[in-house]
Amino acid sequence: MFIKPVISTTRDAVYHALKEQILMLDLLPGTGISEKEISVQFGVSRTPVRESFVQLSQEGLLDIYPQRGTVVSLIDLERVEEARFIREQLERAVIMLACESFPQESLQLLRSNLAYQQVSMREKDFKKMFELDEAFHRTIFEGCKKLNTWAVIQQVNVHLNRTRMLRLAADHRWDELYEQHQHMVEAIEGHESGKAEQLMNTHLHLTIADQTVLKEKFPTYFKE
């Protein structure tokens, strides 16, 4: 399922918790936050909070304005598109590898994931659906012994993930997403690399169409 990060310090705990709140839309784009309120919320001193703010700012998730405050950054569609481009190139290559050789246990994990996706669809649980979507793609990389490549994707994925989460939250019609995942599993099982590559290409291009709709629906969440 969804892989949680290893927490080793207070700073790490605050950083990962805030990052998850931003990704899960518990902290919406443009929301103001302060070191004081976050330190009270987590019951920690301001030092790990300040360090977390700096790291999140470096990743483009917070905007820090000296003497004025800190806000959750607006979504930058240029960074979203670059992340989508990187992900598309790598995911198309990996799913073709999966069609050549893929462990049966990994195939079973994908099928189990699909079953859980159906549950999330019935319950309209967009956060769980996002986690299952991530786990589905990660399983393909893991089955191909390419987890380091998956880690590279995660380094640029946060901006794309915010639009993916926003889309799932705004529109509970996830049938197309589910069906594409289902067809990917069938293509891997049938060793149909051409079909699998095209499915992945179409799947990741959904985010381009989504961006236009989301910007119209939530204009204040996006950078001009």
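Conventions used here
Residues numbered from 1 in each chain as written. Predicted model: local features only at pLDDT ≥ 70, side-chain atom pairs only at ≥ 80, totals over all residues. Heavy atoms only, no water. Core = buried A, V, L, I, M, F, W, Y, C linked by side-chain atoms within 4.5 Å. Buried < 20%, exposed > 50% of the residue type's maximum accessible area, 1.4 Å probe, protein only. Helix = DSSP H or I, 4+ residues; strand = E, 2+ residues; numbered from the N terminus. Contact = heavy atoms within 4.5 Å. Expected span 1.5 Å × (residues − 1). Arc of directions from axis to C-beta. Salt bridge = Lys/Arg side-chain N within 4 Å of Asp/Glu carboxyl O. Pairing = 2+ DSSP bridges. Phe/Tyr/Trp six-rings, centres within 6.5 Å; stacked < 30°, edge-to-face > 60°. Axes fitted to C-alpha atoms, helices over the stretch in contact; angles between N-to-C directions. Parallel < 35°, antiparallel > 145°, perpendicular 65-115°, else oblique. Nonpolar A, V, L, I, M, F, W, Y, C, P; charged D, E, K, R; others polar.

K.L.:
Teacher, can you tell me more about the nonpolar core here?
P.N.:
Side chains of a nonpolar character, in soluble globular proteins, are inclined to be buried together. In terms of nonpolar packing, the biggest core is built from 42 residues, with I140 and I188 touching the most fellow members. Going through the elements one at a time, α4 (77–100), α5 (104–123), α6 (126–143), α7 (147–156), α8 (158–170), α9 (175–189) and α10 (193–217) are the ones with two or more residues in this core. Not counting chain neighbours up to four residues away, the residues in contact with I188 comprise I95, A98, C99, F102, L107, L110 and I140. Judged by nonpolar contacts, the second largest core, of 14 residues, contains V14, Y15, L56 and L61.

K.L.:
Got a minute to help me understand α5 in this structure?
P.N.:
Every α-helix winds through 3.6 residues per turn, so residues three or four apart in the chain are directed the same way. Counted at 1.5 Å a residue, the expected span for α5 with its 20 residues is 28 Å, and the 29 Å between its end C-alpha atoms agrees. Three or more residues of α5 are buried, namely S106, L107, L110, N113, L114, Q117, S120 and M121. Viewed end-on, α5 has its buried residues packed into an arc of 120°, placing them on one side of the element. Residues of α5 that are exposed and point over 90 degrees away from its buried face: Q104, E105, R122 and E123. Positive phi shows up at K124, right after α5, with a value of about 55°.

K.L.:
Whenever I open this one, the pattern of salt bridges confuses me. Can you help?
P.N.:
Pairing between side chains of opposite charge can happen when their charged atoms approach one another. Counted by the stated rule, this structure contains 16 salt bridges. With a shortest N-O distance of 2.5 Å, R11 and D12 are connected by a salt bridge. On the basis of relative accessible area, D12 is assigned to the buried category, the value being 12%. Look at the salt bridges and you will find they share partners, linking E81, R84, E88, R92 and E197 into a network.

K.L.:
In this structure, what is going on with the pairing of strand β2 (residues 62–65)? I would like to understand it.
P.N.:
Each regular strand shows side chains that alternate between the opposite faces of the sheet. Bridge count for β2 against strand β3 (residues 69–72) is four bridges, and the pairing is antiparallel. Pairing of Y65 across the sheet is with G69, part of β3. In this structure, the hairpin formed by β2 and β3 is closed by a connection of three residues, where Q67 is found at a positive phi of approximately 70°.

K.L.:
Could you clarify how one ought to interpret the packing of aromatic side chains in this entry?
P.N.:
A ring pair, where both rings are aromatic, is described by two values, the distance of the centres and the angle of the planes. Per the stated rule, a full pass over the model turns up two aromatic pairs. Ring centres of F141 and W150 lie 5.2 Å apart, and the angle between their planes is 55°; on these two criteria the pair is classed as tilted. Residue F141 shares its accessibility class with W150, and that shared class is buried. Judged by centre distance (5.3 Å) and plane angle (0°), the rings of F218 and Y221 are stacked. Overall, the relative accessible area of 15% leaves Y221 in the buried class.

K.L.:
How do you make sense of the packing of α4 against α8 when you look at a structure like this?
P.N.:
Across the interface, α4 lies against α8 with an axial gap of 7 Å and an inter-helix angle of 100°. On the basis of the axis angle, α4 is roughly perpendicular to α8. Listed contacts from α8 to L77, R79, V80, A83, R84 and R87 of α4 are H159, L160, N161, T163 and R164. Its residues placed into classes, the contact of α4 with α8 shows four nonpolar, three polar and four charged.

K.L.:
Hey, could you run me through the pairing of β3 in this one?
P.N.:
Burial of the side chains of β3 is restricted to one face: T70 and V72 are buried, whereas none of G69 and V71 on the reverse face is. When strand β1 (residues 32–33) meets β3, the two strands line up antiparallel, connected through two bridges. Of the residues in β3, the one forming a bridge with G32 is V71.

K.L.:
Sorry if this is basic, but what is going on with the packing of α4 against α9 here?
P.N.:
Think of two packed helices as two axes; the pair is described by the angle between the axes and how far apart they sit. At their nearest, the axes of α4 and α9 sit 7 Å apart, and the two run at 45° to each other. One finds that α4 runs oblique with respect to α9. Within the contact between the two elements, α4 uses I95, A98 and C99 and α9 uses M184, A187 and I188.

Any functional reading would require information that these geometric values do not contain.
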